[in-house]
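Residue-level structure breakdown
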Amino acid sequence: MENKIGIDAGGSLIKMVYYESGHYHFKKYNINEMHRLVNWLNIVNKHGTTFLTGGKAKQLSEKLSHKRYLVDEFHAMAVGSKCLLEELGERIEDYILISIGTGTSIYYVSSDSFERLTGTGLGGGTFIGLGTILAHTSSYHFLIDCAKKGEASKVDLLVKDIYEYTQIPINGDLTAANFGKIDHSNIPQIEDQVAALLQMIAENIMLLAIHMAKIKNVKHLVFVGGMLEGNEILQQILASFAKSVDLKPIFLEKGIFTGALGALKIND
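What counts and what doesn't
Residues numbered from 1 in each chain as written. Predicted model: local features only at pLDDT ≥ 70, side-chain atom pairs only at ≥ 80, totals over all residues. Heavy atoms only, no water. Core = buried A, V, L, I, M, F, W, Y, C linked by side-chain atoms within 4.5 Å. Buried < 20%, exposed > 50% of the residue type's maximum accessible area, 1.4 Å probe, protein only. Helix = DSSP H or I, 4+ residues; strand = E, 2+ residues; numbered from the N terminus. Contact = heavy atoms within 4.5 Å. Pairing = 2+ DSSP bridges. Axes fitted to C-alpha atoms, helices over the stretch in contact; angles between N-to-C directions.

Remarks on the nonpolar core
The biggest cluster of nonpolar side chains holds 36 residues, and the ones touching the most others in it are I96, I98, F127 and L221. Put simply, the parts of the chain that give this core at least two residues each are β6 (95–100), β7 (104–109), α4 (124–135), α5 (140–149), α7 (190–216), β11 (220–224) and α8 (232–244). In terms of residue count, the dominant contributor to this core is α7 (12 residues). Look past the residues within four positions of L221 in its chain and what remains in contact with it is I96, I98, M206, A209, A213, A242, L247, K248, P249 and I250. Core analysis: the next-biggest nonpolar cluster, separate from the first, contains 21 residues, V79, L85, L252 and A260 among them.

Structural data, given as structure tokens:
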């Protein structure tokens, strides 16, 4: 049987899926490790086929010396998400798929079609980039720990802060202005600032996702992508927003590998 490998080469990470000894195997590499991965692929899969998707797929493909094909990224995301949902035992006819990686893409997936609806530049790249400015480190895990310890409400101006002595017309805990409490007399702790950064990213992603769910009249939001891996606080914020408008959030455990799995399964 021919060896087949599915790869999703994104802006920050390269994700890989292959089938061996009756099981799917999942691996990931930093984009800076592309040269090492290329050497490994050219040795291990020299008689096999590699299926590539993602923004860096063409760049990676040109470095490979064995048989390889490029796969449409949107198609791969749709197929991969369906496979992971089936693995969970979830049978959903249609849903909004939110992929939060370096940036964020939002798709509509149904039983027989898929389409990319919209996206935003806010995502993991934003979190690490602005987090580096705030905390003076680009360590993703350190920034997540900061967000866990911080309180976004010490940084963000909330609706109830504006309507302090007046009847509040909407939910007072909603954000009126991200980072709106910071001035020369109030510089919050770094942990609070990073928590507010994560809150801002999550809020804006959810505004788009909720709007798309209403347009397509669906109830399920399926979340995947590298920024969600090990990021329980982000998952909690996203889930809270979804549930507040009666939508059902689903977080796929192996969601970071959605594109790579889809690239492989399309060609099974």
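On we go.
Quick notes on the side chain of T53
Within the secondary structure, T53 is located in strand β4 (residues 49–53). In this structure, T53 is in contact with I7, D8, A9, V71, D72, E73, A76, G259 and A263, ignoring residues within four places of it in sequence.

Comments concerning the environment of L97
Checked against the element boundaries, L97 lands in strand β6. Linking L97 and V222, residues 125 residues apart in sequence, is a C-alpha distance of 4.8 Å. With near-sequence residues (within four places) excluded, L97 lies in contact with M77, S81, S105, I106, Y107, V109, V222 and V224.

Some remarks on the sheet that holds strand β5 (residues 67–70)
Strand order across the open sheet formed by 5 strands is β3-β2-β1-β4-β5, with mixed pairing between neighbours. In this open sheet, the two edge strands, each paired with only one partner strand, are β3 (23–30) and β5. Put simply, the sheet's adjacent strands are angled 20° from each other on average, direction ignored. Relative to strand β2 (residues 13–20), strand β1 (residues 4–9) is paired through 5 bridges, and the arrangement is antiparallel. Bridging across to β2, I5 finds its partner in Y18.

As for the pairing of β6
The buried fraction of β6 amounts to 6 of the 6 residues, a majority that puts the element mostly inside the structure. When β6 meets β7, the two strands line up antiparallel, connected through 6 bridges. Within the sheet, the bridge partner assigned to S99 lies in β7 and is S105. Counted along the chain from β6 to the antiparallel partner β7, the turn is 3 residues long. Two strands pair when backbone bridges link them, and β6 and β11 are joined in this way by 4 bridges, in the parallel orientation. Bridging from a neighbouring strand, I98 pairs with F223 of β11.

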